[in-house]
Amino acid sequence: VHVCRGHKHHVLCTAWSPDGKYFTSGDFKGEVRLWDPKKGEQRGKTIKAHKQWITGIVWQPHHLNAKCELFATSSKDKLARVWNARSGRMVTSMSGHSDSIESIRWGGSGLIYTGSRDRSIKAWRLDSQNRAILVRTLTGHAHRVNTIALNSDYVCRSGAFSHATRDPDETPEQLFKAAQERYATAKKTLGKEILVSGSDDFTMFLWEPETSKKPITRLTGHQQLINHINFSPDGRYFASASFDKKVKVWDGRTGKFIATLNGHVAFVYQVVWSADSRLLCSASKDSTVKVWTMSNLKKAKETLSGHFDEVYALDWSPNGERLASGSKDRMIKIWQN
């Protein structure tokens, strides 16, 4: 539809705003660009966000702010920053990590979480003037934190948009109200906000970061570093992908181990869930994507072959219809559910 040109260096991460009005991209030079998804043109000036490369971009959940214009970036330069998409200006900066920030999340209650190579996770809150205040630091990992995931990630990312199609002419007020209603419904199911962190120390920790800096439990079982964690949209389960060629599924509330998914013959890079939480997909260095059903975790339901090299990235459309996989073979494949 559009080719967005402007970056002078590798594009490392992208993110859609929850209302679909903006598309953001961050690159190896620490620059962030905002794009108009309808025209494919850059909106505003290039933001020189960080001194080193961008490791994550995350938008403020729509139910927290009707304008839906704040987003946060994290970087190798040890800082995380919040930006206003409309003005292109920095709102606040979060400093305190002593090494690169590897993963950033914006939670449903408004806390921003940063996971770092310094082995800690920090929770930040924006005050009434949008200044960042450090709420608590979560420590316990023996090695760098590679990935963090929240049980509210799905509803925060998709805002007003569920698998049901919405009227394209809806006003911002209607979308904001719908996002609030969706979050309120999800909150009843999810209960407390739970965060899971995965590390190079082969373990994961389950936290309730809004109320405590002590982990609920420590999860062991992987034999290699943990690459990626993803919660199912209903928050009941989460899956972890590791360099030990395994995917493991865990209980989203207690962290109790449920199953190991065997089948990949090389590193597993990413895991992603379908919108109805029934299917789980994993992407691997072995150039395949495997599809698993929650009703039978003993064997992969499908193996999607067709890539000629390692599969690094996976995403499932929020309406549940299609899955996209991106590979080192320079191809993106779209699969129909």
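Colleague: Quick one: what's the story with the overall build of the protein, residue by residue and with numbers?
Modeller: Across its full length, the protein holds two helices and 28 strands. A compact globule built from 337 residues would reach a C-alpha radius of gyration of about 20 Å, and the protein, at 19 Å, matches this within 12%. Summarising its shape, the C-alpha atoms of the protein cover approximately 50 × 45 × 40 Å along the three principal directions. For the protein, with 337 residues in total, the buried portion stands at 53%. Carbon and sulfur atoms make up 49% of the accessible area of the protein, which totals about 16000 Å². Within the protein, the 33 negative side-chain charges are centred at a point lying 3 Å from the centre of the 51 positive side-chain charges.

Colleague: Before we move on, can you summarise the side chain of Ser103 with the specific residues and values?
Modeller: Residue placement: Ser103 occurs in strand β10 (residues 101-106). On the basis of relative accessibility, which here comes to 7%, the residue Ser103 falls in the buried class.

Colleague: Please set out the environment of Asp153 residue by residue, giving values where relevant.
Modeller: Relative to the elements of secondary structure, Asp153 occurs in helix α1 (residues 153-158). Classification of Asp153 as buried rests on a relative accessible area of 17%. Along the primary structure Asp153 and Gly108 are separated by 45 residues, whereas in three dimensions their C-alpha atoms are 7.9 Å apart.

Colleague: Quick rundown of helix α2 (residues 172-190)? Include the residues and the values.
Modeller: Helix length check: α2, at 19 residues, gives a terminal C-alpha distance of 26 Å against a target of 27 Å (1.5 Å per residue), a fit within 8%. Of all the positions in α2, only Leu175, Phe176, Ala178, Ala179, Arg182, Tyr183, Ala186 and Leu190 are classed as buried. The arc enclosing the buried residues of α2, seen along the axis, measures out at 160°, which places them on a common side. Structural note: α2 exposes Glu173, Lys177, Thr185 and Lys188 on the side pointing more than 90 degrees away from its buried face.

Colleague: Tell me about the pairing of strand β26 (residues 311-316), and please be specific about residues and values.
Modeller: Two elements, β26 and strand β27 (residues 322-327), share five bridges in a ladder whose sense is antiparallel. For Leu314, the partnering residue across the bridge sits in β27 and is Ser325. Between β26 and β27, which pair antiparallel in sequence order, lie five residues; one of them, Gly320, sits at a positive phi of approximately 85°.

Colleague: Run through unusual backbone geometry, naming residues and quoting values.
Modeller: Despite not being glycine, Arg119 shows a phi value in the positive range, around 80°. Looking at where Arg119 falls in the secondary structure, it is placed in the loop between β11 (112-116) and β12 (120-126).

Colleague: Please provide a residue-by-residue account of the nonpolar core, values included.
Modeller: Of all hydrophobic cores here, the largest spans 15 residues; its most connected members are Val247, Val249, Leu261, Trp273 and Leu280. Setting aside anything within four residues of it in sequence, one finds Trp273 in contact with Asn230, Phe231, Ser232, Pro233, Tyr237, Phe238, Ala239, Val249, Leu279, Leu280, Met294 and Trp316. Core analysis: the next-biggest nonpolar cluster, separate from the first, contains 13 residues, Ala15, Tyr22, Ile47 and Ile54 among them.

Colleague: Account for the packing of aromatic side chains, naming residues and giving values.
Modeller: Summed over all chains, the structure comprises twelve aromatic pairs. Plain terms: the ring middles of Phe205 and Trp207 are 5.5 Å apart, the flat faces sit at 45° to each other, and that makes the pair tilted. With centroids separated by 5.1 Å and ring planes inclined at 50°, the aromatic side chains of Phe231 and Phe238 adopt a geometry described as tilted. Note on Phe231: relative accessible area 4%, which makes it buried. By relative accessible area, which is 0% here, Phe238 ends up buried.

Colleague: How would you sum up the sheet that holds strand β15 (residues 195-199)? Please name residues and give values.
Modeller: As a general point, the strands of a sheet are linked pairwise by backbone hydrogen bonds and lie either parallel or antiparallel. The four strands lie next to each other as β14-β15-β16-β17, forming an open sheet whose pairing is antiparallel. Here the strands that pair on one side only, and so sit at the sheet edges, are β14 (145-150) and β17 (217-219). For this sheet, the mean angle separating the axes of adjacent strands, direction not counted, is 20°. In this structure, β15 lies alongside strand β16 (residues 204-207), joined through four bridges in antiparallel fashion. Residue Val196 lies in a different strand from β16, and its bridge partner there is Leu206.

The rules behind each value
- Residues numbered from 1 in each chain as written.
- Predicted model: local features only at pLDDT ≥ 70, side-chain atom pairs only at ≥ 80, totals over all residues.
- Heavy atoms only, no water.
- Helix = DSSP H or I, 4+ residues; strand = E, 2+ residues; numbered from the N terminus.
- Rg over C-alpha atoms; globule rule 2.2 N^0.38 Å.
- Buried < 20%, exposed > 50% of the residue type's maximum accessible area, 1.4 Å probe, protein only.
- Areas by Shrake-Rupley, 256 points an atom, 1.4 Å probe, with all protein chains shown as cover.
- Lys, Arg positive; Asp, Glu negative; His and termini not counted.
- Charge placed at Lys NZ, Arg CZ, Asp CG, Glu CD.
- Expected span 1.5 Å × (residues − 1).
- Arc of directions from axis to C-beta.
- Pairing = 2+ DSSP bridges.
- Core = buried A, V, L, I, M, F, W, Y, C linked by side-chain atoms within 4.5 Å.
- Contact = heavy atoms within 4.5 Å.
- Phe/Tyr/Trp six-rings, centres within 6.5 Å; stacked < 30°, edge-to-face > 60°.
- Axes fitted to C-alpha atoms, helices over the stretch in contact; angles between N-to-C directions.

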